[in-house]
Structures are given as C-alpha cells and as structure tokens.
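Residue-level listing of the chains:
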Amino acid sequence: MRAIDRRGWVYALMALLGFAALAAAGDGYALRIATLVGIYAIAAIGFQLVFGHLGLLALSQGAFFGIGAYALALATVELGVTPLPGLLIAVLVPALLGALVALPVARLESHYVALATLGLAQLALLLATNLEVLGGANGVYGVPPLTVLGVNLAEGWPMLVAVWLGVALALALGGWATAGRRGARLTTLRDAPLAAPALGLDPMGYRVGMFALAAGTAGLGGGLQALDLGVVSPAVLRFDVMVTLLAIAVVGGRGSGLGAVAAAALLVPLPELFRGFESGYLIVYGGAMLAAIVLLPRGLDGALARMVPRPAPIPPRQGTVPPRLGVALRVEGLSRRFGGVVALDGVSFTVPSGRIVGLIGANGSGKTTALNRISGLDRVGGGEMWLGKTRIDTLSPARRARLGLARGFQHPEIPADLSVFEVVVAAAPSGEAAMAALDRTGLIDRAREPAASLGPAARRGLDLARALATGPSVLLLDEPAAGLTAEERDRLSSLLRRLAREGRALLVVEHSMDFLLPLADRIICLDAGRVIAEGTADTVAADPAVRTAYLGREVVS
Amino acid sequence: MIEAIPQLLVNALALGSTYALAALGFVLVINAVGAVNFAHGELVMLGGFVAVGLAATLPETAVLPGLIVLPGVMLALAAVGLVLALIGYAPLRRAPPVSVFISTIAIGLIIQHAVTAGIGPEPRVGPPLIGTGSVELFGAVIARQQLATIAVAGLLLVAVHALLKHTRFGRRLRAAAQDPVMARAIGIPVVLTTAASFAMAGALAGAAGLMLSNQYFVAPTDGAVLMLKAYVATVIGGWGRVWGAALGAFAIAAFETVVAASVSYLVAEVLLYVGVLALLMLRPRGLFGEAEGRRA
Amino acid sequence: MSRLFHTLVAALVVMVTAMAARAAEPVSIPVLVPITGFLALEGTAQRNGAVLALDTPPAGVSVTYEVSDTATSPEVAVTALRRALDRFDPVAIAAPIFGTQMLAMAPIANRAGVPLITVSGTAKITELGHDVVFRFFPTDAVVKVAQARYAVRELGVKRPAILYQTTAYGQSGHGHLVRTLAELGIAPVLEEAIDPGIKDLLPALERARAAGADGLLLQLHSGPTALAVRQAHGLGLGLPIVAGSAMHQPSTAALLDPAALKGVCAETASAPIADARPAVKAFAVAFEARFGTKPDAFALGQYDGVRMVLAAVAGGARTAGAVRDWLAANRYEGLAMSYVSDGTGNMAHDAIIVCYDGNSRVPRIVKRYDAVDGIR
C-alpha cells in the first residue's frame, strides 16, 4: 500500500538547510532556539492528529503541553522521580486526561469543541495559578536537568539531540496512527461525517484514541520544556502556547506532521529575527504570521502538494467481499414528526433477501426520511426495525452497518483528499475486498486516481462501491439513477439485479419510473408519510390513488 | 448581609450592556463569514484608547465628553473593522475557516503591541459619557456614568435590532448569513454585506471600549479577556443568534457579580467555565438553541 | 643603565596605554526586561531606569547595551539570557522584575558567573544559593512589613481586608502581609484573590464591608489598584487604604481624581516624584525629559543598580566575576537609598510610606522604615 512520497526529499532538504544554518551559528543561543523548535514541533505534530485528522479545533492542546510540564516538574521536584521516568509521567498524565476529555467533548460539533476545550484550558490555568500545591503564580522551580545514564543533557547539543529524538518519535507515532486504512477512515470520518456512520465507522473510538495520543505528545513537549527551563509556571498554560501550536499546524498544512516541523522551524525563531525592534518585534512577528497564512492558506504542506502531488497508495490485488446473505429487512409502524408535520405515519413493509423493492412517492412524501430512520442517521420517532432476527432500532448507525446494513446517498460525501481506492478501503475489511467492490462498479482501473477527479456518475459508482465494500446483506439506495445516461442506467440496472440475485435485499428510492418499474420486484408508494399502495410494478402503476398522488404528475411532466 | 444590592445590580447591568455590545459585534462577524474573529477583544481595547485620544483633544471644560467622542470612536473602529476584513478575511475567503482564526490572532497581536509600543503600557482612563458624580436611587448611591452606560448601550442595541429587523439592508445581511451561496445567487452583494458586518462589529466594539475605558480603565493587554467573554456569551446564547449573544452577555455579568459578591471571584470564574462546559454537555446547541438547524 | 631605563619606561608606557585602551574598551550590559504583556508597565519603568543610567556612564567607562523583551514567560526570558550571554559577553545584566523569570534565569547566569541586576520583589530569587542575583528593591519581607505596620500602628486598623492579585506579585505580597499581621496580633477579616482580568471590584469591596473591615490592604497591579480606590471612594466606604507599591506609580494616580485619593497611602522603596532631595529631583526631571513619563521606584531602583555596576566598572572591575564580587563587597550610595548586600544579594533594606492629601496626584512621604531586615 505504500508508494514513495517525493515530498520527503523536499523535507529532507529543508532539514539539511536548517542543520547547516545551526552549525554555522553554532553558539548556545542558536542551539537553544533549535531545541525550542523541536519542543513545539512535538506538540504540534500531536495537534495535527486532532486538528488535522479529526478536524476538531481542540484548543486544549496548549493546556496538555502545560499539564505535561507540571506533571514532570511535580514528579521530579516533589516526589523525587528522576527525569527520564518523569518524562513518561509527563506523557501519561495528559494522555489519560485527553482520553477523559474526549469522551464528552468528542460528541460536540465544531465551534462548541473549540469553546469547550478553551474552557478546560482556562480551568487548568485557574487551578495552576491559585492552588498552592501547584506552586501558585510563581510555579515550580528547581526541576533537575535531563540525565541519561549519568550524562547531563542540560544544554546545548545533548539537549538538542534528545529533543529531536522526541520529534522523530512523535513523527513515527503520528505516522503510524494515520497510515493506511486507518488514515483513510480518519479522513472519511472528517470529510464525510454523515456517510461515515452508515459505513460502519464509529467516530467515538477514533476520537478518544486520537485525543489521548495528541495529549500525550503535547505532554512530551511540555515535559521536555520543563527539563530545558528548570522551572514551570502558569505561563505554560496560557493561551499563547495554544496560539503558537495552532499557527504551526495551520502554516504547516492541515494534518501534516512534517509540515508542522517545517512550520515550527519557520515560526519559532521568527520573533528572534526581529529582536532589534525592541518592543515592536511582536508587531513585525504578527505581520509575518499574517503574511504566512495569506500566502500559504493551505499551509506549507498544501503548497508542496500542489507542486509534488501525494502519490496514491498502490492497491493490492483484487479479492472478494464475503456478503452476509439471506437476511431480510422488516420495518413496522415507522413514524416520525418534525414539529407539527408528520413525515412518516405507521409505515410497515418487508424487503426479502434476493429481492429489489422500490420506494416511490412525491417530494416530501417521506422516502428519504424512511431511509434515514432505517440506517439510523435519524434515531427519533417510533416503530420497530428488524434486520433478520435482530432488532436494530436502538442501535447506532455504525452498529447497524456492521450488522450488514449499507446505504448509498443521493449526494454522496466523498473525501476530496483520498484516492478512489482509499475512499473504498475506508469502509472495507481489507484492501482486497475494496478492489473487489471497485471491480463490480467498474472503477477498478481508476483506483489510483484522486477521488476529486471523478465525474458525477463515477462519484455515485464510488459511493455504491464503498457501500458494497462493507459486505452488506441489505442495501439502501437513494436515487441511484439520477443524472445517469441511458447507457449508465442499463449498467446500473444489471449490477443491482446481480446483487439481488446473489441474495441481498435492496431497497431503492427512485423518481425515475422507467428505471425503477422494470427493475423492482415490488413497489411501495408513500404519500404524506403513509403507504398508499404496495404490490408489483404493474399493479401499483395502475393504482388510481398512486396515479393521482404521484404518477400522474410525473407522466405529465 | 449584602447592603449594596442596588449598586451591584446597576454595575452588573452596566457591565453586561458593554459585554453585550462586544458580543453583538462578535456574532455579526461569525454570521457574516462563519469564522471567529480572535481580534475582537483587541478592537474593544483599541476603542478605549481611541476614546482616550479623542477626549484629550476636547477642552477641559467640555460637558458630555464621552457622548461627544462616541460617534468618532465608532467611526474610527468601523474603519478598523473594514481594514480587518480587507487584510484578515478577504484574502482567505476561500481558505478553510480556521485560517481566519490565525489571521485575526495575528492582527490582534499587531494591534496589542502597536498600542503598547506606540502609546505605552500604562492603563488609561477614558472620558465619562456625561461627566462624573452620582445620584441617589432607591437609597443607594449610583454613579451617573453607570446609568448613562446602560442607557447608551441599550439605545445602540435597539438601533442594531431595528437595522437588522426592519431595513432591506438588515434582511440582506441576515439572508447572506444564513446561506451565502443562495444569497449570491439571488443577487445580494455578499461582499458588501460582509464588509458592513465587519464595520458594524468594529463600531460596536468601539462603543463598548469607550464605556469600559471610563468605568474600568483600559490597558493594552485587556483584549484577551474581553474576547473570551464575547465567545462564552455567543455560545450561551446559541451560535449565530444575535439576541442570544446579547442575553448571554448579561447573564455572564450578572452571574459573575452575584457569585463574586457572595462567595469569591475565584469561585465565580471556575463556576462560569464549569457551567459553560455543563451547558455544552446538556444542551449542545446553547441555552437558547442555534440560529438554524443543520441540514443533513 | 640609561638604555635599560629607557626600555623600562617604554615598556611602562606601552602597558599603560594598553590598560587605558582596555579601560576605554566598552563593556556590555544588556537590558532584559518585560516590555510587553501584563508586566509591561513595570518592565518599561525598569528599562527606562537602566537606559538612563547606561546613557550617562561615569567618566572613563564606555558601555554598550541592547534592550530585549522577556515578555511574560520564563521561556522567552531564558532565550533572551542565552542570547545575551553568547553574543554580548556581558559584565552584568539588567534582569526582569518578574520573579518566575528570575527563578529560571538565575541558575544559568550562575553557571556563567554573570550578575543579574533586578528590582523583583519575589523573596525566593535570593534564597537559592546563587551569588549572582542582586536586588535593588526591598523584598516583600521588607515592604510588606512597612505596609502592615503602618496600617496597624499608625492608622489603628484592627480588622483589615486584603485584596490581592492572582499573580506572583500579589500572592507573594499577600503571604508576607498575612505573616506580618499575625506578628502584630491581627487576623484579616477578608483575603480575596483577584484575577488581573477582573473588571468590577465592587463585589470585593462589598464583601469587605459585609465582613466588617476597618481598613483595606491592597496588593494589586496599577489599574486594579486605581479601580479599587475609585470604587471604594464612590461607594463611600470611608475606610483607610494602604496599598502596595503599584499605588505610588505615577500612572496609577493619573487614573484618578485627586479627591478619590484622599487618605490613600502606599508602601514603596522610594517615591522619585515626591522626593525633595536635589539629586532625586534632577533624576526625575532628566527621566521625564527623556521618556515623557514620570519615574517610579522601580525605575529609580533599576537606575541605582545599573549605576552601581558602572561604579564597579569604573573602580576597575572589568569582568563579570569582578563586578559580581564588587557588588557583593561594597556599599553604594544610590539616589533612593544606601545599598549594601546582606550576603545573598539583597541590596535594599529600607521602605517608605507615601500618602495622598486629596488635592494632588503627587504623594507625600509620611514615614520611613529603615533597615527593616536589620541590615544597615
């Protein structure tokens, strides 16, 4: 699955230049700046996991940096722990807190995540400033320097090397956490938040894990800073640290660990360059930060990706998706109200395995609402839903998907940054299964293309492939034929027939009658949330109520 | 036990009304561009310093010095708001919203440190709206400035309400906030409504800054706290709800005053953040709900 | 014989010129102080005091300096120190008033043997066993004793309320106030911690009144001190107020109507604008002419400290180590007071109390507490 990323060479060149500049300056001041670059880079690499990969603006990363620093300082000064195990404590305490914070916070939507995490950071600052056990406003001083096997790494080159080993560790951890199928799943959760649960992806687990990892990484940075300075004060918990990390992450490019390192090397020494301006240097620094974000709105890594595109992973050979066949979908008395409007009113039907059931009705008759209720995206309202012998109406959408219920969307959310293969593998049990699904929808030759380059018809094919890759026994499709050419419709029809013949149950919502009527074994017609007709295509099409409610108008238009 | 209840209430109301002006500007920008303006606190602070500077040009004997300079301060800060939109938002309107976070943080840094370097780090006192002195009300001594602050802020809030609710411009502004793509499609000049939102945010921040600078002085480092207050008020009030933000601001001021007067400042501050977190857990869309339902 | 004599004379001339040249060679005294952030007011006073001293060195001394901001975190301060040590080879450094920054800087300066000249009041910075920290402002252990004694003994306060800031300055001052009050047999009726971001101080004043306080002891920064004084006046509390050194700063009084200042007192090390001595007056005039603001005790303390370093250089101390030893061993008659080390680098031992009469923003010196820590 790995392809050689030529951007690595660009970063290597940057690292070489940075090292040359450092060796040329060579004094303790230059080494100290380079050490600070490493310390902030570590915390920023961690921040990329939540901010970049989860897409959550968690403004608690700066606080976790500070908590790591405090944990190390208190462990070494108050408990007499030596610095090296102290660093472990500096990682574990914030990691644990990060996981705890993630449980409630990860349920929130974007801007509320920002304020909730900012509030937590403010609380940490208030406690550190006011609690005497934490040293109050003066903080904790007398933190011993880092010693490894009796060698003192307090300053200069030894400390620099120790810190940059930490950078390498953070990069490796971040890379591991976001590589391959897991990376594709994270991107899907971030860029396709509605589709992801329907594909069996549960955000909570990922969010808790990533929060913990990010917080632990921040703690490592903070612990190293405490060792480097010898004191820890509430200054490490102030919003300034968070601003630095956020600026590094954004200027580095969303999600990119190496980009964060490059941005740290750019932004951390920046104020030092303007020291000559005395109190005006932060004005110039602000100006430089503004210029950086205006000139590089997608960050260093984003700009680099334009010049040297990220190579798509090389897909494996094709395998098979083992379907769970022979399970029927049954709904009974499904109902849903929006305010005073009744969207579904006691809808009951069955979709047997091996059959295609068409769901028709005018706009607003409740078709998509029914799909949302069945797939679990909408969990409000009454009625029972059964997948075979399992009652599913209390289960999360991700659980339903894992039981074999898959869904295609009318307007599929496709993560733009992924290749076609990656979009599908995010939902598949294996790379081979993903290739099998792509093969069925005729996209296998385009597996390495960027998903963003697909046309509308191919996007729907990709959405269907993604749904198939989960190995479903029941497939819900929302207007799969909309916008397709006659030829594409024919291909879709025969694919759907094959899928049913193999033993799947298909529920298809569709407006286009000349597509649906020949395809479906049975048709259900909804009007104002009620089933007004059910039967074979011919009987339903001939039903006068259906003709009045729906078909008549369709024929006229 | 507490004797000064009338004074405390008036103080909370005065403080709340200035917070409300600040929060109102904050939420107008959120609605216009969907991004948080992190320089908003700095705009309030700058408004205070502009008020100090303009008042210094008045003769010593001037009556109503604050009221005289108020239009000037609002105009100046409206211009600053426009400049902010021009350099902090316009180049980034197609970039991810979080870029605007960074650009406004950078502009906030520039404003704060330009004030420190250019004017000095000393706290300053702004002009009183209607001169000094106090009046007896309900047996309590109330500063006239407090009453004037409540009156002026109240008038400004009503004026903004009228502007948003009853003018064509206001309807366009709200339409553009709800759905910029649709607004553009039906011919609303989104560039203009965006610019107007930033200018109004600046003007309201200026008014808030003026009133705060007289009552509580103004120092270059004041921005961060004010920005946080506006942020919390916006969330309490429901993201994107203009009047929710104003109500949220009053709620914060009343809460802080009451708890600080009966227990302590530390408890008030801790409880405020704990309360906000609890609120987010229990009502993830704010106390008064969000401006519009998210579309699936 | 005469040739030998000539050779010796020539050698002597060469040596003397070399020494003279060496004497004229400038020494470096970088100024590292917080000129941005929440301590910018105090840090700028420090900066200006140091710069005034460095711009007018004694005859025969040539000095170079650069001002660097230490902002609000130990990290920035340590970076600035590293830069000063590595790039300027300093004989001494004017160092930040911010105690936390000093705690981080002291061990590094100690290793380099370079003296740090500061006006920080944080007691701990001279208690770490380093011999490079020299403090030209009385510690909280001195000024807080003066503040508490004045309130209790001169004003008869028996039930004081203490309002203090949740910063190093406020917490350290609060601790020393409570200790001194306990020695005087007094227990405060209210001890309220106040974040610098708090706007309205009325709730605290109301609680002081509800607690039955008969006097206010303030340990707040400039703006909040002025606010407390004004709101107490507006509320008609009528309580005597003895404030911390922030009150004596001219920028604090500038925020207030003189009438609101009636009966307000403050501790400080010196009060340059209130001092009638000609040398101090001349300093105040020169300071205002140069910087456009009035000097406070922090500016004067830093000025005196840097002047003492320059005196050491003029007295032949040409290296950091020599300056350090000179500062530790000698007494120096500064403008504010007479400075001598107590053995740990505390140079200042006197405090004064100033009070405002309600007609002017310039206070009067009403009481001197000399040698509070027993060092003369």
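Residues numbered from 1 in each chain as written. Chains lettered and ligands numbered in written order. Predicted model: local features only at pLDDT ≥ 70, side-chain atom pairs only at ≥ 80, totals over all residues. Heavy atoms only, no water.

A.B. asks: I would appreciate a short explanation of the nonpolar core in the present structure.
C.D. replies: Most often, soluble globular proteins have nonpolar side chains that are buried together. One finds Leu246 of chain A, Tyr231 of chain B together with Met247 of chain C to be the most contacted residues of the largest nonpolar core, which totals 227 residues. In terms of residues, this core owes the most to one element, helix H1 (residues 5-33) of chain B, which gives 15 residues. If sequence neighbours within four positions are ignored, Tyr231 of chain B has contacts with His111, Ala114, Leu115 and Leu118 of chain A together with Phe26, Val36, Phe38 and Trp239 of chain B. By size, the runner-up hydrophobic cluster in this structure holds 51 residues, among which are Ala184, Ala406, Ala458 and Ile523 of chain A. (Core = buried A, V, L, I, M, F, W, Y, C linked by side-chain atoms within 4.5 Å. Buried < 20%, exposed > 50% of the residue type's maximum accessible area, 1.4 Å probe, protein only. Helix = DSSP H or I, 4+ residues; strand = E, 2+ residues; numbered from the N terminus. Contact = heavy atoms within 4.5 Å.)

A.B. asks: Looking at this model, I keep getting lost on the confidence of the model for chain B. Mind explaining?
C.D. replies: Residues and elements named next belong to chain B. Chain-level statistics for chain B give a pLDDT mean of 86 and a share of 93% at 70 or above. Per-element confidence in chain B ranges from a low mean pLDDT of 72 for strand S1 (residues 134-137) to a high of 96 for helix H2 (residues 40-56). Here residues 292-296 is a poorly scored stretch, pLDDT under 50, and it has six contacts once near neighbours within four places are set aside; other chains count. (pLDDT = per-residue confidence, 0-100.)

A.B. asks: What exactly am I supposed to notice about the state of the cysteines here?
C.D. replies: Among covalent bonds in proteins, the disulfide is the one between the sulfur atoms of two cysteines. All names here are of chain C. In total, this model carries one disulfide over all chains according to the counting rule given. In this model, Cys265 is linked to Cys355 through a disulfide, with the two sulfur atoms separated by 2.0 Å. Looking along the S-S bond of the Cys265-Cys355 disulfide, the torsion reads about 105°, which is the right-handed sense. You can see Cys265 sitting in strand S12 (residues 264-268) and its partner Cys355 sitting in strand S15 (residues 351-355), a full 90 residues away along the chain. Given a relative accessible area of 4%, Cys265 falls into the buried group. Overall, Cys355 belongs to the buried group, its relative accessible area being 9%. (Disulfide = S-S within 2.5 Å.)

A.B. asks: Looking at this structure, I do not really get the sheet that holds strand S8 (residues 382-387) of chain A. What am I missing?
C.D. replies: Working definition: the strands of a sheet are paired by backbone hydrogen bonds and lie parallel or antiparallel to each other. Residues and elements named next belong to chain A. Read across the sheet, four strands follow the order S6-S5-S8-S9 without closing on themselves; strand pairing throughout is antiparallel. Either end of the sheet is taken by a strand with one partner, and the two such strands are strand S6 (341-351) and strand S9 (390-391). The sheet contact formed by S8 and S9 spans two bridges and is antiparallel. In the strand pairing of S9, Leu387 is matched with Thr390. (Pairing = 2+ DSSP bridges.)

A.B. asks: Is there a simple way to explain the domain arrangement of chain C in this structure?
C.D. replies: Accessible area lost upon the coming together of the parts is a frequently used measure of interface size. All names here are of chain C. If you check the domain split of chain C, you get domain 1 (25-138 + 276-345) and domain 2 (141-268 + 352-369). Here the C-alpha centre of domain 2 lies 28 Å away from the C-alpha centre of domain 1. Domain 1 puts twelve residues into the contact, and the matching count from domain 2 is twelve residues. Buried surface at the junction of domain 1 and domain 2, summed over both partners, amounts to about 1100 Å²; 66% is from carbon and sulfur atoms. (Domains from an automatic or database assignment. Buried area = accessible area lost by both parts, 1.4 Å probe.)

A.B. asks: Would you mind showing me how to read the pairing of strand S12 (residues 505-509) of chain A here?
C.D. replies: As a general feature of sheets, a regular strand has side chains that alternate between the two faces. Residue and element names in this part refer to chain A. Most of S12 sits inside the fold, with five of its five residues counted as buried. Residues Ala505, Leu507 and Val509 line one face of S12 and the alternating positions Leu506 and Val508 line the opposite face, and both faces are buried. In this sheet, S12 lies alongside strand S11 (residues 474-478) in parallel orientation, the contact comprising five bridges. Within S12, the residue paired with Val474 across the bridge is Ala505. As for the winding sense of the linkage, the β-α-β connection from S11 through helix H20 (residues 486-501) to S12 is right-handed. (Right-handed = clockwise from strand over helix to strand, strands pointing away.)

A.B. asks: Whenever I open this one, the sheet that holds strand S10 (residues 405-407) of chain A confuses me. Can you help?
C.D. replies: Residues and elements named next belong to chain A. Pairing is mixed across the open sheet formed by six strands, whose spatial order is S10-S11-S12-S7-S13-S14. The open sheet has two free edges, formed respectively by S10 and strand S14 (530-535), since each of these has just one partner strand. Neighbouring strand axes in the sheet, compared pairwise and without regard to direction, differ in orientation by 20° on average. Judged from the four bridges that link them, strand S7 (residues 356-361) and S12 form a sheet pairing that is parallel. When the bridges of S12 are listed, Ile356 appears paired with Leu506. In this fold helix H19 (residues 456-469) packs onto S10 and S11, with an angle of close to 160° to the strand it touches most, S11. (Axes fitted to C-alpha atoms, helices over the stretch in contact; angles between N-to-C directions.)

A.B. asks: Can you help me understand the interface of chain A and chain B in this one?
C.D. replies: Across the boundary between the two partners, chain A contributes 37 residues, which contact 40 residues of chain B. Where chain A abuts chain B, roughly 3500 Å² becomes buried across the two surfaces, and 82% of that area is made up of carbon and sulfur atoms. Broken down residue by residue, the surface that chain A buries against chain B is led by Tyr112, Leu115 and Leu290 of chain A, which jointly contribute 19%. Across the chain A-chain B interface, the total number found is zero salt bridges. If you look at where chain A meets chain B, you find one residue pair in polar contact (both at pLDDT 80 or more). Going through the elements one at a time, helix H5 (110-130), helix H10 (239-252) and helix H13 (281-295) of chain A are the ones with two or more residues in the side of chain A that touches chain B. Element by element, the count of residues in the side of chain A that touches chain B is highest for H5 of chain A, at twelve residues. The residue inventory of the side of chain A that touches chain B, partitioned by class, reads 27 nonpolar, seven polar and three charged. (Salt bridge = Lys/Arg side-chain N within 4 Å of Asp/Glu carboxyl O. Polar contact = N/O pair within 3.5 Å; in protein donor to acceptor, adjacent residues only side chain to side chain. Nonpolar A, V, L, I, M, F, W, Y, C, P; charged D, E, K, R; others polar.)

A.B. asks: Looking at this model, I keep getting lost on the pattern of salt bridges. Mind explaining?
C.D. replies: Side chains that carry opposite charge are capable of pairing whenever their charged atoms lie near each other. Residues and elements named next belong to chain A. Tallied over the full model, the rule gives 31 salt bridges over all chains. For Glu384, the salt bridge identified is with Arg391, shortest N-O distance 3.6 Å. On the accessibility criterion, Glu384 (27% relative accessible area) is partly exposed. Taking the relative accessible area as the measure of exposure, Arg391 reaches 38% and is therefore partly exposed. For the salt bridge of Arg446 with Glu449, the shortest nitrogen-to-oxygen distance reads 3.1 Å. Its relative accessible area of 29% is what places Glu449 among the partly exposed residues. Here the residues in one salt-bridge network are Arg190, Asp191, Arg254 and Asp417, joined through shared partners.

A.B. asks: When you look at the packing of helix H7 (residues 180-191) of chain A against helix H9 (residues 203-229) of chain A in this model, what are you seeing that I'm missing?
C.D. replies: A pair of packed helices is characterised by two quantities: the angle between their axes and the separation of those axes. Residue and element names in this part refer to chain A. Packing of H7 against H9 brings their axes to within 11 Å, and their N-to-C directions diverge by 110°. Classed by the angle they form, the pair H7 and H9 counts as roughly perpendicular. Here H7 contributes Arg182, Arg185, Leu186 and Leu189 to the contact with H9, which in turn contributes Pro203, Tyr206 and Met210. For the contact of H7 with H9, the class distribution of residues is five nonpolar, no polar and two charged. (Parallel < 35°, antiparallel > 145°, perpendicular 65-115°, else oblique.)

A.B. asks: Sorry if this is basic, but what is going on with the interface of chain C and chain A here?
C.D. replies: Between chain C and chain A, the contact holds 32 residues from the first and 29 residues from the second. Between chain C and chain A, a total of about 2700 Å² is buried, with carbon and sulfur atoms accounting for 53% of that surface. At the boundary of chain C with chain A, the tally comes to one salt bridge. With a closest N to O distance of 2.7 Å, Asp27 of chain A and Arg87 of chain C form a salt bridge. The tally of links from chain C across to chain A stands at 13 residue pairs in polar contact (both at pLDDT 80 or more). The set of elements that each furnish at least two residues to the side of chain C that touches chain A consists of strand S4 (67-69), helix H3 (74-88), helix H4 (99-112) and helix H6 (168-183) of chain C. If one sorts the elements of the side of chain C that touches chain A by residue count, H3 of chain C sits on top with nine residues.

A.B. asks: Explain the pairing of S6 of chain A here, please?
C.D. replies: Residue and element names in this part refer to chain A. Where strand S5 (residues 329-338) meets S6, seven bridges bridge the pair, whose relative direction is antiparallel. Across the sheet, Arg337 pairs through a bridge with Val342, a residue of S6. Between S5 and S6, which pair antiparallel one after the other, the connecting turn spans two residues, and Gly339 there sits at a positive phi close to 60°.

A.B. asks: When you look at the packing of aromatic side chains in this model, what are you seeing that I'm missing?
C.D. replies: Where two aromatic rings form a pair, the distance of their centres and the angle of their planes describe that pair. This model, assessed by the stated rule, comprises 14 aromatic pairs over all chains. Through a chain of ring-to-ring contacts, the aromatic side chains of Phe239 of chain A together with Phe26, Phe38, Phe101 and Tyr231 of chain B assemble into a single cluster. Looking at Arg182 of chain A, its charged tip hangs above the ring of Trp176 of chain A, at a distance of 4.6 Å from the centre. Above the ring of Tyr281 of chain A, the side-chain terminus of Arg275 of chain A is found at 4.7 Å from the ring centroid. (Phe/Tyr/Trp six-rings, centres within 6.5 Å; stacked < 30°, edge-to-face > 60°. Lys NZ or Arg CZ within 6 Å of the ring centre and 35° of its normal.)

A.B. asks: Explanation requested: the environment of Ala34 of chain A in the structure shown.
C.D. replies: Residue and element names in this part refer to chain A. Along the polypeptide, Ala34 turns up in helix H2 (residues 28-53). Ala34 sits in the buried class, given a relative accessible area of 13%. In sequence terms Ala34 and Gln122 are 88 residues apart; their C-alpha atoms lie 29 Å from each other. In this view, Ala34 contacts Leu22, Leu160 and Trp164; residues no more than four positions away in its chain are not counted.

A.B. asks: How do you make sense of a positive patch on the surface when you look at a structure like this?
C.D. replies: On the surface, Lys165, Arg168, Arg171 and Arg174 of chain B cluster together into a patch of positive charge. When you line up the elements, Arg174 of chain B lands in helix H6 (residues 168-178). (Patch = residues over 30% accessible without salt bridge, like charges linked within 9 Å, V, L, I, M, F, W, Y side chains within 5 Å. Areas by Shrake-Rupley, 256 points an atom, 1.4 Å probe, with all protein chains shown as cover. Lys, Arg positive; Asp, Glu negative; His and termini not counted. Charge placed at Lys NZ, Arg CZ, Asp CG, Glu CD.)

A.B. asks: Which parts of the structure should I look at to understand the packing of H1 of chain B against helix H5 (residues 144-166) of chain B?
C.D. replies: Residue and element names in this part refer to chain B. Packing of H1 against H5 leaves a shortest axis separation of 9 Å and a crossing angle of 30°. With respect to their mutual orientation, H1 and H5 come out roughly parallel. For H1 against H5, the interelement crossing comes out left-handed. Across the interface between the two elements, Val10, Asn11, Leu13, Ala14, Ser17, Thr18, Ala20, Leu21, Leu24 and Leu28 from H1 touch Gln146, Leu147, Thr149, Ile150, Ala153, Leu156, Leu157, Val160 and Leu164 from H5. Here the contact of H1 with H5 is composed, by residue class, of 14 nonpolar, five polar and no charged. (Left-handed = near helix turned anticlockwise from the far one by under 90°.)

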